[in-house]
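Descriptive structure summary
Here is how the chains run, residue by residue.
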Amino acid sequence: MGLPLNAVKVLELAGLAPGPFTGLLCADWGASVLRVDRPVPGAHTDNVLPTTRDVLSHGKTSITVDLKNEAGLKLIKNLLPHVDVLIDPFRPGVLERIGLPPDELLRVNPRLIIARLTGFRRDGKYANMAGHDMNYIAVSGVLSMIGGKGQRPVPPLNLMGDFAGGGLVCFLGIVLALLARVSSGKGQIVESNMVDGSAFIAISPRLNMKTPLWDRPRGTNLLDGGCPYYQVYETRDGQFMAVAAIEPQFFDLLLKGLSLTTSDLPGPQDDRHKTWPYLFELFTNLFKSKSRREWEDIFDGTDACVTPVLTQQELEQSGYEQRPIVHLKSTPAYGYSSSRGGWTPSTLYPGQGGETTLKEWLGWKRNRNYSVVDGGLVKVEGSKL
């Protein structure tokens, strides 16, 4: 069997993190992904240009096109009838303004899937504003739930908006649209945004705000840092251990590893007023009494739910294997080698490999179907693309 998205042609309009991540996932599962970069001097020549800042480019190729140039726009319009998926990373209305209105594209190519990924909702009051991950998860309600007791909310890197609620959700939309196309024969517009995406990923804590699990202020609940046996503790050597011994049987094993018993506690495990403050202080002091390696020797192989907090640098040095997001036994994704998104960034320079892709997709050749003008590809007048 081939990869799940084998023979799927994806045109990715270059953008920031979430759009490239969407294209990356397509490439991982076998799609041929062609990125459209802005023209730069020297593109599509024998010159090796500086790479872009996009480190999510393994498995892709690039062409450079000036979408504000009529001849460049014509080239893209002549390419889209042969494409399965278009990834649009722009703000609402941009695709329409540059001359690529989705309704018109679907008339020309009814099988086309147009994946539109915005930060804010298209119909909300922030629709036309600029923003970044933190802004999107802020107005989704998610950011308000993350942070310590009595402290300001803390952004979880840019994982929740850009990647989980953005690129991953958009990729899911593409897969669903491809699945729907099998029976309908038609493509469609996939609209995703990082506000709705991140809000839905936070559905469990949001709904649990109506239950005792999460009905208290930020940083005082079971899973947000308010519980002493669901917490991170510093070790003697300045490293950290993660403790997640929620269930009673796991909590007993945690106590055993710490040379404690329930009789050493001032009250029941779940007593927030008496036991929890005591355990915070006790666990803080105990974990600082040994190195992380010593705690690993104690807890490794047990069900105490205690593990070291490993750094990315440690994982790389240990030879830890980066793997695709999920493994399909019969149709697995491409593996992650050092040159394909393992530990070394895999970047593209503008125009790298793109002409080969055009030839593989459609048999297009330079000077017959297109030419290079001012560092960007344009349609050759009179050519039949």
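Our structure's up above, just so we're on the same page.
The following refers to the structure shown. As the structure is a computational prediction, the values presented were derived from the model and not from experiment.

1. As for the overall build of the chain
Of the regular secondary structure elements, the chain holds 13 helices and 11 strands. The principal-axis extents of the C-alpha atoms in the chain amount to approximately 85 × 45 × 40 Å. The buried share among the 385 residues of the chain stands at 44%. In the chain, 67% of the contacts between residues at least 6 apart in sequence involve partners at least 24 apart. Total accessible area computed for the chain in this model is approximately 20000 Å², and 54% of it derives from carbon and sulfur atoms. Taking the 41 positively charged and 39 negatively charged side chains of the chain as two groups, their mean positions are separated by 7 Å.

2. Focus: the packing of helix 6 (residues 159–184) against helix 7 (residues 194–201)
With their axes 8 Å apart at the nearest point, helix 6 and helix 7 run at an angle of 100 degrees to one another. On the basis of the axis angle, helix 6 is roughly perpendicular to helix 7. In this structure, helix 6 contributes M160, G161, D162, A164, G165, G166 and V169 to the contact, and helix 7 contributes M194, G197, S198 and I201. In the contact of helix 6 with helix 7, the residues fall into five nonpolar, five polar and one charged.

3. Focus on the packing of helix 9 (residues 248–257) against helix 11 (residues 292–299)
Packed helix pairs are characterised by how far apart their axes lie and by the angle those axes make with each other. Packing of helix 9 against helix 11 brings their axes to within 10 Å, and their N-to-C directions diverge by 130 degrees. Judged on the interaxial angle alone, helix 11 and helix 9 are oblique. Crossing geometry of helix 9 relative to helix 11 is assigned as right-handed. Here L253, L254 and G257 of helix 9 come into contact with helix 11, specifically with W295, I298 and F299.

4. A word on the environment of G173
Secondary-structure assignment places G173 in helix 6. With 60 residues separating them in the primary sequence, G173 and I113 have C-alpha atoms 9.6 Å apart.

5. As for helix 13 (residues 354–362)
Taken together, the buried positions of helix 13 are occupied by G354, E355, T357, L358 and W361. In a view along the axis of helix 13, the buried residues occupy a sector of 155 degrees, so they form one face of it. The exposed set on the far side of helix 13, more than 90 degrees from its buried face, consists of K359 and E360. On its buried face, helix 13 sits against strand 1 (9–13), strand 2 (32–37), strand 3 (60–64), helix 2 (70–79), strand 10 (370–373) and strand 11 (376–379).

Reading the values: the criteria
Residues numbered from 1 in each chain as written. Predicted model: local features only at pLDDT ≥ 70, side-chain atom pairs only at ≥ 80, totals over all residues. Heavy atoms only, no water. Helix = DSSP H or I, 4+ residues; strand = E, 2+ residues; numbered from the N terminus. Buried < 20%, exposed > 50% of the residue type's maximum accessible area, 1.4 Å probe, protein only. Contact = heavy atoms within 4.5 Å. Areas by Shrake-Rupley, 256 points an atom, 1.4 Å probe, with all protein chains shown as cover. Lys, Arg positive; Asp, Glu negative; His and termini not counted. Charge placed at Lys NZ, Arg CZ, Asp CG, Glu CD. Axes fitted to C-alpha atoms, helices over the stretch in contact; angles between N-to-C directions. Parallel < 35°, antiparallel > 145°, perpendicular 65-115°, else oblique. Nonpolar A, V, L, I, M, F, W, Y, C, P; charged D, E, K, R; others polar. Left-handed = near helix turned anticlockwise from the far one by under 90°. Arc of directions from axis to C-beta.

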